[in-house]
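One letter stands for each residue in the lines below.
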Amino acid sequence: MSSLSARETAYQTIRSRIITMELKPGDPLNDRELAEELGISRTPMREALLMLNIARMVDIKPQSGTHVAPINLKLMEMEQFSRYALEKEVLNRLRGKLTEQQIADYRRCIDDYRALEADLGQPRRTARMLELDNAFHRRAFEICGMEDHYNYMLSKLQHVERIRKFSLQTEENKSVCGAHTRILEALISGSPEDVGEALQSHLTRYKLSVEQARSVHPEYFIDE
């Protein structure tokens, strides 16, 4: 494995563990142990941690070591606004233009999420619900031939993605199917304002998760 690919592998692995809350805010990160676990040298692991530090997902302090950074609420707000602006533009390019097959595909995605939501015994249930949520939002970008834009956007949602893990444990989770349905109906027969309002309502409900998670784990969050 080249140094570059080792660094990228380490970066993506640690980033994923932070986003899924396998590694929680404040958890220590030992570059030697992590490098051994992934079967790479310490240099690319250190480089990956530096990259995560730049992304504000890891804190590196000479006197206290390296730790998972808290969820930055100010950066989360900025990320969510950027996502809203881009996704609203893409959705409005599709408004009133969906084919019957595309509408059916959207509805199938919503139904799959609803079925998984109701079946608490499903393996990898949480991860699969996140995948279905992403699949719903990705679909508009795919139809417009802009899937790379979605992938890039998702790669930059550092702090927003972390709170989504909490959302699956709150009442916000139970609003997803209804919110997706409202977005779809706005796409089929609504105005540009309807599309914007449906999307904004959906994307701002993460604040409920923040409030609930912060009441239990205030140390996981910062406001600056």
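Residues numbered from 1 in each chain as written. Predicted model: local features only at pLDDT ≥ 70, side-chain atom pairs only at ≥ 80, totals over all residues. Heavy atoms only, no water.

**What to know about the packing of aromatic side chains**
Reasoning step 1: Tallying each qualifying case throughout the model produces two aromatic pairs.
Reasoning step 2: For the pair Y106 and F136, a centre-to-centre distance of 5.2 Å together with 70° between the ring planes defines the contact as edge-to-face. Here Y106, found in helix α5 (residues 100–118), pairs with F136, found in helix α6 (residues 125–143); they are 30 residues apart in sequence, far enough to count as distant. The exposure classification of Y106 matches that of F136, with both residues buried.
Reasoning step 3: If you follow R139 out to its NZ or CZ, it ends over the ring of Y106, 5.7 Å from the centre. (Phe/Tyr/Trp six-rings, centres within 6.5 Å; stacked < 30°, edge-to-face > 60°. Helix = DSSP H or I, 4+ residues; strand = E, 2+ residues; numbered from the N terminus. Buried < 20%, exposed > 50% of the residue type's maximum accessible area, 1.4 Å probe, protein only. Lys NZ or Arg CZ within 6 Å of the ring centre and 35° of its normal.)

**Let's talk about the pairing of strand β2 (residues 65–68)**
Reasoning step 1: By the alternation rule, side chains of β2 split into T66 and V68, which are all buried, and G65 and H67, of which none is buried.
Reasoning step 2: In this sheet, β2 lies alongside strand β1 (residues 58–61) in antiparallel orientation, the contact comprising four bridges. Across the sheet, I60 pairs through a bridge with T66, a residue of β2.
Reasoning step 3: Between β1 and the antiparallel strand that follows it, β2, lie three residues. (Pairing = 2+ DSSP bridges.)

**Some remarks on the environment of D31**
Reasoning step 1: Considering the arrangement of structural elements, one finds D31 in helix α2 (residues 31–38).
Reasoning step 2: Judged by its relative accessible area of 17%, D31 falls in the buried class.
Reasoning step 3: Residues D31 and I103, 72 residues apart in the sequence, show an inter-C-alpha distance of 47 Å.
Reasoning step 4: Separated by 2.7 Å, the side chains of D31 and R42 make a polar contact. (Polar contact = N/O pair within 3.5 Å; in protein donor to acceptor, adjacent residues only side chain to side chain.)

**Looking at the side chain of R17**
Reasoning step 1: By the element assignment, R17 lies in helix α1 (residues 3–19).
Reasoning step 2: A residue is classified by how much of its surface remains accessible, and R17, at 16% relative accessible area, is buried.
Reasoning step 3: Sequence-distant contacts of R17, that is, excluding residues within four places in its chain, are made with E22, L23, L34, E37 and L38. (Contact = heavy atoms within 4.5 Å.)

**Comments concerning α6**
Reasoning step 1: Over its 19 residues, α6 runs 27 Å from end to end, which matches the ideal 27 Å to within 8%, given 1.5 Å per residue.
Reasoning step 2: H137 marks where α6 bends most, by close to 35°.
Reasoning step 3: Within the sequence span of α6, burial applies to R125, M129, L132, D133, N134, F136, H137, R138, R139, A140 and F141. (Expected span 1.5 Å × (residues − 1). Bend = angle between axes of the 7 residues up to and from the residue.)

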